[in-house]
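One-letter residues, chain by chain:
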Amino acid sequence: MSKKILKRSLALGALMAFVITGSAWAEEYNGKLPETTGTHIFTNHLELMNASSGLYSTEGGSNPNKYHNIYPSAGYSNNSVITQGNIFYKVINRHFFLQSGRFADSTSSGDVTNNRLYIKHNVGAYKAIEMYGGSIHASNGQVCNVKGNYVYIGIDESRISIESETSNIMIVGGISNLKANASDNHVKICNANFTANGITIIGAMIRNVGDVKDNSVDINNISVNNIYMYGGLSNDGIVIDNNLNISGNVDGGAKLISNFSVINYDDLKWEAKDIVIKTEKLELDDSKQITVNVNGLANGSTPKKGEVVTLLDTGEVKYDNQSFEGQYLEESTSTFNSGTFLKAEGKIYQENEDIKLKITRVGTNDQALVIGESRAAATAFTNQGSELIEIGLDSLARDKSEKETKVFASIFGNASEYATGSHIKVNGWSGIVGVAKTNDDGLTKGAFFENGEGNYRTFNNFKGDFMRGDGEANYNGGGFFVRKDNSNGVYTEASLRAGNLQNELHKAIVGSEGLAGYDIDTFYYGAHLGVGKIIPRGNEGDSIDIYGKFIYTHHDSEDFTIDGDDFHFDSVDSERLRLGFRIN
């Protein structure tokens, strides 16, 4: 089988460093490395960022623990190592280590901080696989810090596989073999499959003396079968305040969940009487307590009041390798969103050794208000267009020219604000153009075309964030009108109008795949009736117009979908009575 190395760096004593950016692979060689006596690692694409030099590719150890280790060759902090292709290391009797930051100097000390290891493609090995965000393997004995290191596995949407054919897999955010404190280290796993004799995932670990605090393990859309999960581990120190974050579809049964003070659930698919996650054993950290939060359910979830789900099903509970009996969870209440538009409230409680959630209330969240507000804004804008018909009729009545056929037009802009629980602002312009004919008896009849273009803004808070929505409302329609002016100044008038309203809400909804909105067309129609009396004033042509008018507008119902959820707008009927006078 052919092999290819595209770039080889300078040999440094017994170490030989490689930056490999081409397509290649390592196969099973019965314990012997291919080609010459150097140290090799073959990958499709391994990329180093934020470091001035390349990658060390080293081997060492003795049977049965020979290893092959890859890590940045310059600096032990602020590195990012990213796999851009599959890595298959199938050399027999060699463990495979992949790290982003590594300190190993017995004559000095150093903090290993802010390293990132991104596993974006498949990784396979014949023996054990170990992945570290940051590690301390040797120092002068002074207490160091392992802080702010990350391991990301499967961060893209495509699913990847991590496989050890004959041994185990261990993934650690930050680790030290010597005295150190570990904090703010994280392992984030999404859309990944694991195959191994055993899989261990650890937020941070100190194999000597040191405290392990404020680290986390995030799992999203994975199977936890055969997995051991630790918030932190220390041979001699306090382990506390580490988080387990569970989201998406997590199935299977874990071997162990250990040393987590907080368990957060988010984006969970709701199925009543279901078990979200199982574990054979739950181990408590030094606080002997766990806080559980439910932050959200997945789209399509429709919880009902009274339904119960088991958040954590555990076979036994232990602390310090001893059975723990009693309450490790204080009963609490969580309020959370269910999908895009529902909001639910539930009681989180301990039942025997298990943790359960019971739904106590279900309603709509603040985003549903945005949908109603956008409908209100668009219909209000169309309603304003009816005022132009009245203006057109009034201008025809005051036109004293002797032309039998008359053409009229009117346009105006408006800015309005409506209270809707929150508030909406509507800005736009409306126009009308028409033709009318008046006979000798003072009867005016005509037809018109109307058009309006406006925009609106909605304002709300969602999940603690300020939300502003933007939309557009455009209508086009036409109609007929009639007006009778009598010699005594009394007049009556009426009109009919109909048209189409296009209402588009732009990216105002936080959906499952980003910001969402909708675009719908609605048929509308309306009418108005009016009666009034024009009273002449002393000056020539001046008058007072006293009137009463009834205005009606109807918008049809509509069905549409946003982010997979179905919506129905009922029809909207607007009735307005206007009484007043006008000085001409």
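Please refer to the structure placed before this passage.
Presented here is a report on the structure given in the accompanying data block. All residue numbers here refer to positions counted from 1 along the written sequence of the relevant chain. Since the coordinates come from a predicted model, pLDDT governs what is reported: local features require at least 70, and pairs of side-chain atoms require 80 or more to be given and counted, while whole-chain, interface and lining totals use all residues. In computing side-chain properties, one takes all heavy atoms of the structure into account and sets aside hydrogens as well as water.

Pairing between strand S44 (residues 465-485) and strand S45 (residues 490-511): 16 bridges, direction antiparallel. Note on S45: the bridge partner recorded for Asp 470 is His 506. Two strands pair under a simple rule: DSSP has to find at least two bridges between them. Helix and strand labels come from DSSP, where a helix needs a run of H or I of at least four residues and a strand needs a run of E of at least two; each type is numbered from the N terminus. Between S44 and S45, which pair antiparallel and follow one another directly, the connecting turn spans 4 residues, one of which, Gly 489, has a positive phi of 95°.

What follows is about the nonpolar core. The nonpolar core is taken to be a set of buried Ala, Val, Leu, Ile, Met, Phe, Trp, Tyr and Cys residues, with the residues joined through side-chain atoms within 4.5 Å. Buried means the residue's accessible area, taken with a 1.4 Å probe over protein chains only, is under 20% of the maximum for its type, while exposed means over 50%, and partly exposed covers the values in between. By size, the foremost hydrophobic cluster in this structure holds 62 residues, and its most contacted members are Ile 153, Ile 162, Met 229, Tyr 265, Ile 277 and Leu 311. In contact with Ile 153, other than residues within four places in its own chain, are Ile 119, Met 131, Ile 160, Ile 162, Ile 171, Lys 188, Ile 189, Cys 190 and Ala 192. In terms of nonpolar packing, the next biggest core, distinct from the first, is built from 23 residues, Ala 378, Tyr 475, Leu 505 and Phe 567 among them. We call two residues in contact when some of their heavy atoms are within 4.5 Å.

This part is about helix H1 (residues 366-384). Note: α-helices contain 3.6 residues per turn, so residues at a spacing of three or four share the same orientation. By definition here, a helix of n residues has an expected span of 1.5 Å times n minus one. Here H1 contains 19 residues, and its C-alpha end-to-end distance of 27 Å stays within 8% of the 27 Å for a straight helix at 1.5 Å per residue. Within H1, 14 of the 19 residues are buried, leaving the element largely enclosed by the surrounding structure. Between N or O atoms, a polar contact is any pair within 3.5 Å; within protein, one atom must be a potential hydrogen donor and the other a potential acceptor, and residues adjacent in sequence are included only when both atoms are from side chains. The N-capping residue of H1, defined by a side-chain oxygen 2.9 Å from the backbone nitrogen of Gln 367, is Asn 365.

This paragraph deals with the pairing of strand S24 (residues 227-230). Bridge count between strand S21 (residues 198-209) and S24: 4 bridges; the pairing is parallel. Bridge pairing in S24 links Thr 200 to Tyr 228. Alignment of S24 against strand S29 (residues 256-258), held across 3 bridges, turns out to be parallel. Bridge pairing in S29 places Met 229 opposite Ile 257.

Right, let's talk about the environment of Asn 140 for a bit. As for its placement among the helices and strands, Asn 140 is situated in the loop between strand S13 (129-138) and strand S14 (144-147). Under the relative-accessibility criterion, Asn 140 is labelled partly exposed at 34%. Each C-alpha atom of the pair Asn 140 and Leu 178 lies 9.2 Å from the other, and the pair is 38 residues apart in sequence. Looking at Asn 140, its side chain comes within polar contact range of the main-chain nitrogen of Gln 142, at 3.1 Å.

On to the pattern of salt bridges, then. The term salt bridge refers to a pairing of a side-chain nitrogen on Lys or Arg with a carboxyl oxygen on Asp or Glu at a separation within 4 Å. Under the criterion given, the structure shown has 14 salt bridges. The partner of Lys 255 in a salt bridge is Glu 280, and the shortest N-O contact between them spans 3.4 Å. Of the two residues, Lys 255 is situated in the loop between strand S28 (253-254) and S29 and Glu 280 in the loop between strand S31 (275-279) and strand S32 (282-283); the sequence distance between them amounts to 25 residues. Taking the shortest distance from any N to any O, the salt bridge between Lys 549 and Glu 493 comes out at 3.2 Å. With Lys 549 in strand S47 (residues 543-555) and Glu 493 in strand S45, this pair connects stretches of sequence that are 56 residues apart. With relative accessibility at 3%, the residue Lys 549 sits in the buried group. On the accessibility criterion, Glu 493 (4% relative accessible area) is buried.

In this section: the side chain of Thr 113. Mapped onto the elements of the fold, Thr 113 is located in strand S10 (residues 112-113). A residue is classified by how much of its surface remains accessible, and Thr 113, at 19% relative accessible area, is buried. Contacts of Thr 113, omitting those with residues within four sequence positions, involve Tyr 76, Ser 77, Asn 78, Lys 147 and Asn 149.

Moving on, we get to the packing of H1 against helix H2 (residues 386-397). Here the axes come from fitting lines to C-alpha atoms, over the contacting stretch only for helices, and the angles between their N-to-C directions go from 0 to 180 degrees. At their nearest, the axes of H1 and H2 sit 4 Å apart, and the two run at 5° to each other. The angle between H1 and H2 falls in the class roughly parallel. Mapping the contact onto sequence places Thr 382, Asn 383 and Gln 384 in H1 and Ser 386, Glu 387 and Leu 388 in H2. By residue class, the composition of the contact of H1 with H2 is 1 nonpolar, 4 polar and 1 charged. For this classification, under 35 degrees means roughly parallel, over 145 means roughly antiparallel, 65 to 115 means roughly perpendicular, and everything else is oblique. Residues are grouped as follows: Ala, Val, Leu, Ile, Met, Phe, Trp, Tyr, Cys and Pro are nonpolar; Asp, Glu, Lys and Arg are charged; all remaining types, including Gly, are polar.

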